[in-house]
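Examining the three-dimensional arrangement
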Amino acid sequence: MSAASVICQRGESSGIPSFPCHRRSQGPMIGSAVSPRESRGLLRRWGVPIRRGFILAGVLTFWAISVWGADDVIVLKGTSGPGQGKHIVLISGDQEYRSEETITQLAKILSHHHGFTCTVLYTVDPQTGTINPNIGNIPGLQALENADLMVIFTRFLNLPDEQMQHIVDYLSRGKPVVGLRTATHAFNIPKGRKYHKYSWNYNGEDYAGGFGRQVLGETWVAHHGAHGKEGTRGRIAPGQEKHPILRGIADGEIFGLTDVYTVRLPLPGDSIPIVLGEVTATLQPDSPPVPGKKNDPMMPIAWVKTYRGEKGTAGRVFTTTLGASQDFAHEATRRLIVNGCFWAVGLEEKIPPKTDVTVVGTFTPSPFRFKSPKEWQPGIKPADLFR
């Protein structure tokens, strides 16, 4: 059985005194943990600054950790599997669909079952060190400097220029991207700011539709299904039955409680829809489709494409408008997203007949909704999600 090791870095920007990370065993340990020296080496290699603090190494499945500080960076080091040697940076930051739950479980699956090393980043309140997607602050984006894949699930974020710079530099190199649900409208950067053109509503001819349209293939348009009332069933697009991302997935097996998003047809450039979204009458997986125009034509809910970096390098992109943690509770939906990560980094030949997407540890998705500001307090720290 493969295993993953966890590294947590505590930065010093919060001004909180340094405390050691703690580990307490909760059962038999699987695999071997990386040493502190190896941990520091990984963080330095990925451009994450190591300041005053402590490094913890332990095994993912049966352990708990506690860290202090405003800029926690979680690293899951894959130890065996087809993804060994590949580094994925996963970025959470949406306010409605519990991206912090989806991204955490996705990282665990990719690392524990498939050997990818995953850096997991969150929107963090610098005053408390807790997760709060209403605050535009994602510590650790330096890790993109040495990433093989960026998985992004953010919504309308207004990040500081120095943080956006890491994302822009990554894109300029034409590196692979996987976008989930609200990543089509990942950024909301005001006019006059350096990186306004990456905003979802940018209308300049040079980068119309911002990051969402130019890189992922679409920006925010509208809800196509009735939000919170009609679900999404995935239907394999005609002619895409043998696409490697769909390996091990039957037609109609993909499901999500979130509604289908509107996209403009045809999708731009070399976009290829691989899954279409059948709007269902209810939020139950066995619900019948709604009659009428909502399913004629069906909107794409998963597609592949490429984009070009500044030097002309073509980067692979997999986009799905599914991704809420309640969507991720469905096995076929998890398999779609995990297979999409394999494909994006060029490992489509390594996608098995039925990719292992067994939940790692405990996964209890929260209903999607907007939380009030008070509900994000006192909040949880990134490391709390790996207990």
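Cut-off values and rules
Residues numbered from 1 in each chain as written. Predicted model: local features only at pLDDT ≥ 70, side-chain atom pairs only at ≥ 80, totals over all residues. Heavy atoms only, no water. Helix = DSSP H or I, 4+ residues; strand = E, 2+ residues; numbered from the N terminus. Buried < 20%, exposed > 50% of the residue type's maximum accessible area, 1.4 Å probe, protein only. Contact = heavy atoms within 4.5 Å. Areas by Shrake-Rupley, 256 points an atom, 1.4 Å probe, with all protein chains shown as cover. Polar contact = N/O pair within 3.5 Å; in protein donor to acceptor, adjacent residues only side chain to side chain. 1 Å grid on protein atoms, 1.4 Å probe; cavity = no way out; pocket = protein on both sides within 12 Å on 5 of 7 lines; lining within 4 Å. Points joined across faces, edges and corners; volume = space filled by probe spheres on them. Nonpolar A, V, L, I, M, F, W, Y, C, P; charged D, E, K, R; others polar. Phe/Tyr/Trp six-rings, centres within 6.5 Å; stacked < 30°, edge-to-face > 60°. Lys NZ or Arg CZ within 6 Å of the ring centre and 35° of its normal. Core = buried A, V, L, I, M, F, W, Y, C linked by side-chain atoms within 4.5 Å. Expected span 1.5 Å × (residues − 1). pLDDT = per-residue confidence, 0-100. Axes fitted to C-alpha atoms, helices over the stretch in contact; angles between N-to-C directions. Left-handed = near helix turned anticlockwise from the far one by under 90°. Salt bridge = Lys/Arg side-chain N within 4 Å of Asp/Glu carboxyl O.

1. Some details on the overall build of the protein chain
Counting its secondary structure elements, the protein chain contains 6 helices and 16 strands. Across the 387 residues of the protein chain, 58% fall into the buried class. Nonlocal contacts in the protein chain, meaning residues at least 24 apart in sequence, comprise 78% of its contacts between residues at least 6 apart. Roughly 15,000 Å² of accessible area belongs to the protein chain as shown, and the carbon and sulfur atoms make up 51% of that amount.

2. Examining the environment of Lys294
Relative to the helices and strands, Lys294 resides in the loop between β14 (272-279) and β15 (299-308). Leave out the neighbours within four places in its chain, and Lys294 touches His224, Gly225, Ala226, Glu230 and Val279. Polar contacts involving the side chain of Lys294 include one to the side chain of Glu230, which spans 2.8 Å.

3. A closer look at empty space enclosed by the protein
With the rule as written, the count across this model stands at 1 cavity of 30 Å³ or more. What the largest cavity holds in volume is close to 30 Å³. In this structure, the largest cavity is lined by Thr184, Glu218, Thr219, Trp220, Val221, Tyr261, Thr262, Val263 and Thr321. Its residues placed into classes, the lining of the largest cavity shows 4 nonpolar, 4 polar and 1 charged.

4. Structural notes on the packing of aromatic side chains
The full count for this structure, using the stated rule, is 8 aromatic pairs. Where Tyr97 meets Phe368, the ring centres are 5.5 Å apart and the plane angle is 40°; that geometry is what we call tilted. With Tyr97 in the loop between β6 (87-93) and α2 (99-114) and Phe368 in the segment after α6 (331-344), this residue pair connects regions lying 271 residues apart in the sequence. In this structure, Tyr97 and Phe368 share a single accessibility class: buried. Look at Phe187 and Phe211: their rings are 5.5 Å apart centre to centre, the planes differ by 65°, and that puts the pair in the edge-to-face class. Taken together, the residues span a long stretch of sequence, with Phe187 in the loop between β9 (177-180) and α4 (210-216) and Phe211 in helix α4 at a distance of 24 residues. Using a relative accessible area of 0% as the deciding quantity, one classes Phe211 as buried. The structure contains a cluster of three or more aromatic residues connected by ring pairs, namely Tyr195, Tyr198 and Tyr207. The ring centre of Tyr207 lies 4.6 Å from the NZ or CZ of Lys197, which sits over that ring. Positioned above the aromatic ring of Trp343, the side-chain terminus of Arg316 is 4.5 Å from the ring centre.

5. Brief notes about the nonpolar core
Membership of the largest hydrophobic core comes to 64 residues, with the highest contact counts inside it found for Leu90, Leu106, Leu110, Cys118, Val151, Phe318 and Leu336. Take this core: its biggest share by element is 8 residues, from α6. Setting aside residues up to four positions removed in sequence, Leu110 forms contacts with Ile88, Leu90, Gly115, Phe116, Cys118, Val338 and Cys341. Core analysis: the next-biggest nonpolar cluster, separate from the first, contains 33 residues, Met164, Tyr202, Phe211 and Val317 among them.

6. As for α2
Over its 16 residues, α2 runs 21 Å from end to end, which matches the ideal 22 Å to within 8%, given 1.5 Å per residue. With 16 of 16 residues buried, α2 is to be regarded as a mostly interior element. Downstream of α2 by a residue or two, Gly115 has a phi angle that is positive, lying close to 85°.

7. What to know about the confidence of the model for the protein chain
Predicted confidence across the protein chain gives a mean pLDDT of 86, with 82% of residues reaching 70 or more. Predicted confidence for residues 10-36 stays below pLDDT 50, and this span has 76 contacts to residues more than four positions away or in other chains. Long-range and interchain partners of residues 50-71, a stretch whose pLDDT sits below 50, account for 115 contacts in this model, where long-range means more than four residues apart.

8. Section: the packing of α2 against α6
At a minimum axis distance of 11 Å, the contact between α2 and α6 shows a crossing angle of 65°. Between α2 and α6 lies a crossing whose hand is right-handed. Residues Leu106, Ile109, Leu110 and His114 of α2 form the contact with α6, whose own contacting residues are Arg334, Ile337, Val338, Cys341 and Phe342. Here the residues of the contact of α2 with α6 are counted per class, giving 7 nonpolar, 1 polar and 1 charged.

9. Overview of the environment of Glu278
Looking at the element boundaries, Glu278 is found in strand β14. In this structure, the C-alpha to C-alpha distance between Glu278 and Pro300, residues 22 residues apart in sequence, is 9.2 Å. Those residues in contact with Glu278 that lie beyond four places of it in its chain are Gly231, Thr232, Arg233, Arg235, Pro289, Asn295 and Met298. Here the side chain of Glu278 touches Arg233 through a polar contact of 2.7 Å, side chain to side chain. Within polar-contact distance, the side chain of Glu278 engages the side chain of Arg235 at 3.4 Å.

10. Digging into the pattern of salt bridges
Applying the stated criterion to the full structure yields 13 salt bridges. Between Asp259 and Arg181 there is a salt bridge, with the nearest N and O atoms lying 3.3 Å from each other. Residue Asp259 is located in the loop between β12 (255-256) and β13 (261-262), and its partner Arg181 is located in the loop between β9 and α4; the two are separated by 78 residues in the primary sequence. Of the two residues, Asp259 and Arg181, neither departs from the other in class, the shared state being buried. The shortest N-O distance in the salt bridge between Arg316 and Glu348 comes to 2.9 Å. With Arg316 in strand β16 (residues 314-320) and Glu348 in the segment after α6, the pair connects residues that are 32 residues apart, well separated along the chain. You can call Arg316 partly exposed: its relative accessible area is 27%. Salt bridges here are not isolated pairs; linked through shared partners, they connect Arg233, Arg235, Asp251 and Glu278.

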